[in-house]
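# Coordinate analysis (summary)
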Amino acid sequence: MSKEIVPNGNDVRDVSIDEDEIEDLNDGLTAAELFEDVEGLTYNDFLILPGFIDFTADEVNLTSKLTRKICLSAPFVSSPMDTVTESEMAISMALCGGIGIIHHNCTPEFQATEVNKVKKYKHGFIRDPYVLGPNHKVSDVFVAKKAHGFTGIPITENARLGGRLIGIVTSRDIDFMKDGLMDCPLSQVMTKLGDLVVAPAGIGLAGANEILQKSKKGKLPIVNDKGELVALIARTDLKKSRNYPHASKDANKQLLVGAAIGTRPDDMNRLDLLVHAGIDVVVLDSSQGNSVFQIDIIRRIKQKYPKLEIVAGNVVTAAQAKNLIRAGADALRVGMGSGSICITQEVMAVGRPQGTAVYKVAKYARKYGVPVIADGGIQNVGHIIKALAIGASTVMMGSLLEIGRASCRERV
């Protein structure tokens, strides 16, 4: 005799089930049965049978592992396509609990700048604020605004963090300045120290927030007992933290961001710039990840940057996954020929239906604690659910996000 939980109005009661009925009730397949019995399935080849709901929507926890050490509040990753992920999309993804991977179809300098824009989009204390000196010109502030998207810049005696704070320049100081005054030194236009509200080093975020609210200022410089600038807090950052409680952030409360590189020798030089800009994870971008080139660069990265998380791939078989996991991969991208612009199956005649690929690789990688990213073939929300249900920790999306307003595609 077995039991089944069934709803009865607002109550839930146990109903006894004869053993003879169990076979009749098991009219579906487990994932193991489904994917072992057929050669290959896409997301469109199966559906998930409904079950019994005993929880509310607000009890659902979407926290998922991107890599061995990085967790996301939402299992969503934007693809490193040049029509999809630059800084704007990466910021949007991180604010919503996911992460964006900056594409590498650009110069290393441009890619590093895009990463830096995401890391500068702070929540809380800005530990490395952009700083100018009194002899810099008004034009330098506009250059900084174009590059970084803000104008609230502290001024120190030596134009460096750690220098003695003497003032700050905000948009209120320069918004209506005439073109002929672009060469005016900042010492003549800045809001001087005597008119600033500052906070002592060691103050907590709650205390800093209270000072900002009372002062009605937009920026709050943090100084030590020598008057030297050690950090900065922006009112807009506190509002972001309130409006996006599930944002993906690092230990310094900066948004998480990743970047893609190739496997050529000069990609290590690109990686140096990206690490300096602050990437949290690097994605090795290759349609066929199981190669001596990718294994070699994984080992080189781990030797030079042992704390940097690496997403390797792409793979579609357990044998491919084995080699990359042994080399030191912290996560795997799964998919070959299933993406909207991928032609590997048509041109090279290799690949695997995405459903089967995700299930098989995830089953193997799970033994080693390596998360799997389902990359490609996500055409709708239902496909996201299926990918997660058969073993993926996160899903990587390209064309599904490309139509979004945060996409970096040029609009006519």
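Before going into details, it helps to say that this report is about the structure given with it. Since the model is a prediction, treat every value here as computed from it, not as a measurement.

Rules of the game
- Residues numbered from 1 in each chain as written.
- Predicted model: local features only at pLDDT ≥ 70, side-chain atom pairs only at ≥ 80, totals over all residues.
- Heavy atoms only, no water.
- Helix = DSSP H or I, 4+ residues; strand = E, 2+ residues; numbered from the N terminus.
- Contact = heavy atoms within 4.5 Å.
- Patch = residues over 30% accessible without salt bridge, like charges linked within 9 Å, V, L, I, M, F, W, Y side chains within 5 Å.
- Areas by Shrake-Rupley, 256 points an atom, 1.4 Å probe, with all protein chains shown as cover.
- Salt bridge = Lys/Arg side-chain N within 4 Å of Asp/Glu carboxyl O.
- Buried < 20%, exposed > 50% of the residue type's maximum accessible area, 1.4 Å probe, protein only.
- Phe/Tyr/Trp six-rings, centres within 6.5 Å; stacked < 30°, edge-to-face > 60°.
- Lys NZ or Arg CZ within 6 Å of the ring centre and 35° of its normal.
- Core = buried A, V, L, I, M, F, W, Y, C linked by side-chain atoms within 4.5 Å.
- Pairing = 2+ DSSP bridges.
- Axes fitted to C-alpha atoms, helices over the stretch in contact; angles between N-to-C directions.
- Right-handed = clockwise from strand over helix to strand, strands pointing away.

Structurally, Ala 201 is set in the loop between strand 11 (199-200) and helix 7 (205-215). A C-alpha to C-alpha distance of 5.0 Å links Ala 201 and Asn 224, two positions 23 residues apart in sequence. In this view, Ala 201 contacts Ile 222, Val 223, Asn 224 and Val 230; residues no more than four positions away in its chain are not counted.

What follows covers a nonpolar patch on the surface. A cluster of nonpolar side chains, namely Ile 53, Phe 55, Val 60 and Leu 62, defines an oily patch on the protein surface of about 400 Å² accessible area. Mapped onto the elements of the fold, Ile 53 is located in the loop between helix 2 (31-37) and strand 3 (64-65). What makes Ile 53 exposed here is its relative accessible area of 61%.

With that settled, the discussion passes to the packing of aromatic side chains. Summed over all chains, the structure comprises three aromatic pairs. Between Phe 35 and Phe 46 the ring centres are 5.7 Å apart and the planes differ by 80°, which places this aromatic pair in the edge-to-face class. In this pair, Phe 35 is assigned in helix 2 and Phe 46 in the loop between helix 2 and strand 3, connecting sequence segments eleven residues apart. Ring geometry for Phe 35 versus Tyr 359: centroids 4.9 Å apart, planes at 15°, classification stacked. Here the residue Phe 35 occupies a position in helix 2, and Tyr 359 occupies one in helix 13 (residues 354-365), the gap between them amounting to 324 residues. Here Tyr 359 falls in the buried class, since its relative accessible area comes to 10%. Members of the aromatic cluster, each reached through a chain of ring pairs, are Phe 35, Phe 46 and Tyr 359. Here the basic side chain of Lys 386 rests over the ring of Phe 46, its NZ or CZ set 5.2 Å away from the ring centre.

Right, let's talk about the side chain of Thr 156 for a bit. Summarising the element assignment, Thr 156 is placed in strand 8 (residues 153-156). Aside from chain neighbours lying at most four places away, what touches Thr 156 is Val 131, Leu 132, Gly 133, Pro 134, Gly 163, Arg 164, Leu 165, Ile 166 and Leu 229.

Bringing the nonpolar core into the picture now. Leu 271, Ile 301 and Leu 332 are the most contacted members of the largest nonpolar core, which has 65 residues in total. At seven residues, helix 13 tops the list of elements feeding residues into this core. Filtering out sequence-adjacent residues up to four positions away, Leu 271 remains in contact with Ile 261, Ile 279, Val 282, Ile 301, Tyr 305 and Leu 308.

On to the sheet that holds strand 5 (residues 76-78). In spatial order, the strands read 5-6-14-15-16-17-18-19; together these eight strands close into a barrel with parallel pairing. For this sheet, the mean angle separating the axes of adjacent strands, direction not counted, is 25°. Two elements, strand 6 (residues 99-102) and strand 14 (residues 258-261), share two bridges in a ladder whose sense is parallel. Among the inter-strand pairings, Ile 102 is bridged to a residue of strand 14, identified as Ala 259. The strands touched by helix 14 (residues 381-389) are strand 5, strand 18 (372-375) and strand 19 (394-397); relative to strand 19, the strand with the most contacts, the crossing angle is about 140°.

With that settled, the discussion passes to the pairing of strand 19. Burial of strand 19 is two-sided: the residues Thr 394 and Met 396 facing one way and the residues Val 395 and Met 397 facing the other way are all buried. Both strand 5 and strand 19 contribute to a ladder of three bridges, which runs parallel. Paired with Ser 78 across the bridge in strand 19 is Met 397. Sheet analysis places strand 18 next to strand 19, joined by three bridges and oriented parallel. Bridge pairing in strand 19 places Asp 375 opposite Met 396. You can see the chain leave strand 18, run along helix 14 and come back into strand 19, and the turn it takes is right-handed.

Attention now moves to the sheet that holds strand 8. Read from one edge to the other, the open sheet built from three strands follows the order 8-9-10, with strand pairing classed as antiparallel. Looking at strand neighbours, the two that pair on one side only are strand 8 and strand 10 (191-192), the edges of this open sheet.

Attention now goes to unusual backbone geometry. The omega angle of the peptide bond from Gly 313 to Asn 314 is 10°, so this bond is cis rather than trans. Mapped onto the secondary structure, Asn 314 falls in strand 16 (residues 309-315). At Ala 159, a residue that is not glycine, the phi angle is positive and equals roughly 60°. Position of Ala 159 among the secondary structure elements: in the loop between strand 8 and strand 9 (165-169). Located in the positive-phi region is Lys 253, a residue other than glycine, with phi close to 65°. Position of Lys 253 relative to the elements: it lies in the loop between helix 8 (235-243) and strand 14. In this structure Lys 253 comes out as partly exposed when scored by relative accessible area, which is 44%.

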